[in-house]
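Summary of structural features
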Amino acid sequence: MQVCVLGATGSIGKNTLAVMALHPERFQLFAVSAFQNIDGLAEICREHQPNYAVVPTDAAADALKSQLPISVKTEVLVGEEHLSTVSSAPEVDVVMAAIVGAAGLLPTLAAVQAGKRVLLANKEALVMSGQLFIDAVRKSGAELLPVDSEHNAIFQALPSAAQQHCHSMDAAEHGIEKILLTGSGGPFRDLPLATLATQSPEAACRHPNWSMGRKISVDSATMLNKGLEYIEARWLFNCSRDQLDVVVHPQSVIHSMVQYVDGSVIAQLGQPDMRTPIAYALGYPLRFDSGVASLDFSQMMDLTFRPAEAERYPCLQLAIDACWSGQAATTTLNAANEIAVDAFLDKRITFAMISEVCAATLDNAQLSELTTLEAILACDHAARDFASRWIERRGH
Ligand code: NAD
Ligand code: MG
């Protein structure tokens, strides 16, 4: 199989290459992309020798080429439009969509429209364009497999008849009562509420269980990550409001669960290591070695559960409400959050202000339905503008 890894230098990208390297007889690397870490991309090209590498600028291309020996035949492409060129190339069988944020939308959609097997890590794409994205999957017959650990766990816990069409399934027809998304609660889950406002970016990025990119780490601390995942689950599994719940599970051993009408709850358990869902999605329906050790039940600590406190996680409630108020709300929330997280990582706003930026941007937004890509991108830009101006006025 020929694989295209968008966002190859990131946390998911590197884990994908690591799993692929365990099965060289199965997978060849066709194309990779990176945005800032050109040294990391050069290392990947030297080791895996993909046919193409996509970078954002001519300067990045020069920097990459200067680090590649003559023997490496990787062709370097410049500009974001080439992310879509490689993700939809006829040679490609599988696309790992692992760019972070809105930048991943167009190349992921291009892969969907070209009918590829799309391994979706980039949850923001689905949050921004839900119905349009799923309609494109239906139309092209692309195979959409969730990589996000929760959605991968849910997918694994579905009956195989439901797996074949989960984005259009009638959950009740399969005896499904509820989908239970679990989340660790992030690094601040046990801190006194009064200390939250002043938490630093370093503390927010120190996730207790998972090692991830900086943006998603902050999203885990606010639990907006779980909110984005809630929206992602709604589209991936065609859920209604009463079929979807969030549970805090600090140990991150259960990665999510499906509750059936007969009282059964089916959960997927494993180490908090993204190579497991990546290997599952790469191999589906086969299973093979991911490089991850099994759980050791003789060492297993307790598994505990608690509700997500509304005062601790205001972003989560914003996301749940946005999910049911339509596409403009989720697109707006996603854009505002990206701007807010950037500003927080840059120490221009406090941790508590992330939810304030999101709430103010949602309050200001025109919540009409968005049915075209142009309308979605316009809504995204308007939200970014508003959030940036809010931060200029109120940040420091
Ligand atoms: P990361 O920050 O480690 O890597 C992001 C990748 O995207 C890098 O390769 C970077 O070069 C590229 N990129 C960044 N901005 C870009 C832009 N403007 N244009 C083109 N490329 C750009 O992020 P990550 O943790 O690997 O997360 C990637 C995606 O997977 C996110 O959508 C995240 O929500 C999702 N995800 C990650 C994890 C995890 O464990 N890391 C788990 C579930 C889902
Ligand atoms: Mg997740």
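Since we're looking at a predicted model, the values are computed, not measured.

1. Structural notes on the packing of helix α1 (residues 11-21) against helix α12 (residues 275-283)
The geometry of α1 relative to α12 is characterised by a closest axis approach of 9 Å and an angle of 60° between their N-to-C directions. Considering the angle they form, α1 stands oblique to α12. Crossing angle aside, the handedness with which α1 passes α12 is right-handed. Residue-level contacts link Ile-12, Asn-15, Thr-16, Ala-18, Val-19 and Met-20 of α1 to Arg-275, Ile-278, Ala-279 and Leu-282 of α12. For the contact of α1 with α12, the class distribution of residues is 7 nonpolar, 2 polar and 1 charged.

2. A word on the coordination of the magnesium ion (ligand 2)
Around the magnesium ion (ligand 2), the donor atoms from the protein are Asp-148 (OD), Glu-150 (OE) and Glu-229 (OE), and they sit 2.1 to 2.2 Å away. The motif formed by the donor residues of the magnesium ion (ligand 2), counted along the single chain, is D-x1-E-x78-E. Exposure remark for Asp-148: the relative accessible area of 7% places this residue in the buried category. The class of Glu-150 is buried, set by a relative accessible area of 8%.

3. Let's talk about the nonpolar core
Side chains that are nonpolar tend, in soluble globular proteins, to be buried together. Ranked by internal contacts, the top residues of the largest apolar core, which has 134 residues, are Phe-133 and Phe-237. Contacts of Phe-133, omitting those with residues within four sequence positions, involve Thr-108, Leu-109, Val-112, Leu-120, Ala-125, Leu-126 and Leu-144.

4. Some points on the site of ligand 1
Looking at ligand 1, there are 21 residues lining it, with Thr-9, Ser-11, Ile-12, Phe-35 and Glu-124 nearest. Residue Ile-12 places a main-chain N or O atom 2.9 Å away from an oxygen atom belonging to ligand 1. Note that an oxygen atom of ligand 1 is positioned 2.9 Å from one of the backbone N or O atoms of Phe-35. The set of elements that each furnish at least two residues to the shell around ligand 1 consists of α1 and α6 (123-140). In terms of residue class, the shell around ligand 1 is made up of 12 nonpolar, 6 polar and 3 charged. Lining the shell around ligand 1 are residues from two domains, each supplying at least three of them: domain 1 (2-146) and domain 2 (168-271 + 294-299).

5. A few points about empty space enclosed by the protein
The full count for this structure, using the stated rule, is 1 cavity of 30 Å³ or more. The space that makes up the largest cavity amounts to roughly 30 Å³. Together, Arg-189, Val-248, Arg-306, Pro-307, Ala-308, Glu-309, Arg-312 and Tyr-313 line the largest cavity. Here the lining of the largest cavity is built from residues that sort into 4 nonpolar, no polar and 4 charged.

6. With respect to the packing of aromatic side chains
Each aromatic ring pair is specified by the distance between its two centres and by the angle formed by the two planes. Taken as a whole and judged by the stated rule, the model has 8 aromatic pairs. A centroid spacing of 5.0 Å and a plane angle of 85° characterise the contact between Phe-188 and Phe-351, whose relative ring orientation is edge-to-face. Taken together, the residues Phe-188 in the loop between β8 (176-183) and α9 (201-204) and Phe-351 in helix α15 (residues 351-364) connect sequence positions 163 residues apart. Residue Phe-188 shares its accessibility class with Phe-351, and that shared class is buried. An angle of 65° between the planes, with centres 5.6 Å apart, marks the rings of Phe-344 and Phe-351 as edge-to-face. The class of Phe-351 is buried, set by a relative accessible area of 7%. Through a chain of ring-to-ring contacts, three or more aromatic side chains come together here, namely Phe-155, Tyr-280 and Tyr-284.

Parameters at a glance
Residues numbered from 1 in each chain as written. Chains lettered and ligands numbered in written order. Predicted model: local features only at pLDDT ≥ 70, side-chain atom pairs only at ≥ 80, totals over all residues. Heavy atoms only, no water. Axes fitted to C-alpha atoms, helices over the stretch in contact; angles between N-to-C directions. Helix = DSSP H or I, 4+ residues; strand = E, 2+ residues; numbered from the N terminus. Parallel < 35°, antiparallel > 145°, perpendicular 65-115°, else oblique. Left-handed = near helix turned anticlockwise from the far one by under 90°. Contact = heavy atoms within 4.5 Å. Nonpolar A, V, L, I, M, F, W, Y, C, P; charged D, E, K, R; others polar. Donors = N, O, S within 2.8 Å, 3.2 Å for Na, K, Ca; no water. Buried < 20%, exposed > 50% of the residue type's maximum accessible area, 1.4 Å probe, protein only. Core = buried A, V, L, I, M, F, W, Y, C linked by side-chain atoms within 4.5 Å. Near = heavy atom within 4 Å. Polar contact = N/O pair within 3.5 Å; in protein donor to acceptor, adjacent residues only side chain to side chain. Domains from an automatic or database assignment. 1 Å grid on protein atoms, 1.4 Å probe; cavity = no way out; pocket = protein on both sides within 12 Å on 5 of 7 lines; lining within 4 Å. Points joined across faces, edges and corners; volume = space filled by probe spheres on them. Phe/Tyr/Trp six-rings, centres within 6.5 Å; stacked < 30°, edge-to-face > 60°.

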